[in-house]
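Now for the letters of each chain:
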Amino acid sequence: MASESNEVVKEFRFFKVYKDGRLEFFMPPVEKIPPSDDPSTGVRSRDVVISLDPPVSARIFLPRISDPSLKLPLLFYVHGGGFCMQSAFSRQYHNFVSTVAAEAGAIAVSVEYGLFPSRPIPACYEDSWAALRWVAGHAGGDGAEPWLNEHADFGRVFIGGDSAGGNISHTLAARVGSMGLPQGVKVVGAILVHPYFGGTEDDQMWLYMCPTNGGLSDPRLKPAKEDLARLGCEKVLAFVAEKDHLREVGIWYTKELKKSGWRGSVELVENVGEEHCFHLRDPKCEKAVELKDKFVSFIKHN
C-alpha cells in the first residue's frame, strides 16, 4: 500500500499531483539560451525587464535595417507550453521568433510570463497584458526601449502565439477590444497557432492551475460571444493540425468568431497529417516551412 506521500490524487497531461501536494512534471525544465546577434540573418536580440514585481521580461528581436527611415511592423509573441512550461528564451522559441522577424522584416517582442506552479493562472494573462501595454507605451517615441522608439510602426501591431500562447493571444485581443491601448496603437491581426481552448480533456488541468477560475464557462477557457464580437483586431489567422487533440476546439473558435458579429476576417489553415506544434520540433520540414511562410506573409501583406 502506497504511503500518503506517494499517492497520486490527480494526473493531467503535463504533471501529476500527489496527496501531500507535491507536483511531478513529465517534461524536464527547458534550457534557456542568451540573446545574440545572428550574422546569417542580421537579426539582433536583447532582453528587457518589464516589471520586477511581478517578474515580467521579454526578448526583443530587431531584423537587419536597410532603411532607417522606414518603420517596421511589430509582432508581440506569446509562447506555448501548457501554462506551466517553456520560455521565450528557449532555443525553440528564440529560433522561431528570430526567423519570423528576419523574413517578415518585423521587430518582435517575445514575452516571458509567469508559469504555474510558482505563479498560477491568471498570471500568464496579466503578465502578457502588462507587457503588451508596456510595448504600446512606446508609441509616442519616448519609451524605455530605444529599438521600439526608433523602429516600430505602432499602426501595424500583430499579436501571435501557439498552443497556450494562442489562448493568451485571444485574451489579449479581447482586452484590446474592450479596454483599448494608447492612442496611435493599432492591432491589425492576431495569429493563433494550434490554440488551446476549452472543450477537451485538458479542461480540468486548466481549472486546477487557475484556483480562481470561473468554471468551464470561464471566458479565458471558453471565449464569450461578447468578447469575440469586439475582438480588437481586423484579421485573424488560425492554424489547426489534423492529428492534434486541440484541432476541434480551434475550428470551433473560428466558427464562433464568424457567428459573433465581429466585423473582421478570419482564415483557418489546417496542417494536414501533422501533430500539435510540429513546426517547433522540426522547423525545417516542408510543412513547418509552409506554416512559417504563411505566418510571415500575414504580417508582411497586412
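What comes next is a walk through the structure. (Residues numbered from 1 in each chain as written. Predicted model: local features only at pLDDT ≥ 70, side-chain atom pairs only at ≥ 80, totals over all residues. Heavy atoms only, no water.)

Focus on unusual backbone geometry
Turning to step 1, where the next piece is worked out: Cis geometry is found at the peptide bond from Phe116 to Pro117, where omega equals 10 degrees.
Turning to step 2, where the next piece is worked out: Tracing the sequence through the fold places Pro117 in the loop between strand 7 (107-112) and helix 2 (123-136).
Turning to step 3, where the next piece is worked out: In this model, Ile121 is joined to Pro122 through a cis peptide bond whose omega is 25 degrees.
Turning to step 4, where the next piece is worked out: Among the secondary structure elements, Pro122 is positioned in the loop between strand 7 and helix 2. (Helix = DSSP H or I, 4+ residues; strand = E, 2+ residues; numbered from the N terminus.)

Description of the packing of helix 1 (residues 91-104) against helix 9 (residues 286-300)
Turning to step 1, where the next piece is worked out: It is the contact of helix 1 with helix 9, at a shortest axis distance of 9 Å, that shows an interaxial angle of 50 degrees. The angle between helix 1 and helix 9 falls in the class oblique. Remark: the crossing between helix 1 and helix 9 carries right-handed chirality. Contacts between helix 1 and helix 9 involve Phe96, Thr99, Val100, Glu103 and Ala104 on the former and, on the latter, Lys292, Asp293, Phe295, Val296, Ile299 and Lys300.
Turning to step 2, where the next piece is worked out: Each residue belonging to the contact of helix 1 with helix 9 can be placed in one class, and the counts come to 6 nonpolar, 1 polar and 4 charged. (Axes fitted to C-alpha atoms, helices over the stretch in contact; angles between N-to-C directions. Parallel < 35°, antiparallel > 145°, perpendicular 65-115°, else oblique. Left-handed = near helix turned anticlockwise from the far one by under 90°. Contact = heavy atoms within 4.5 Å. Nonpolar A, V, L, I, M, F, W, Y, C, P; charged D, E, K, R; others polar.)

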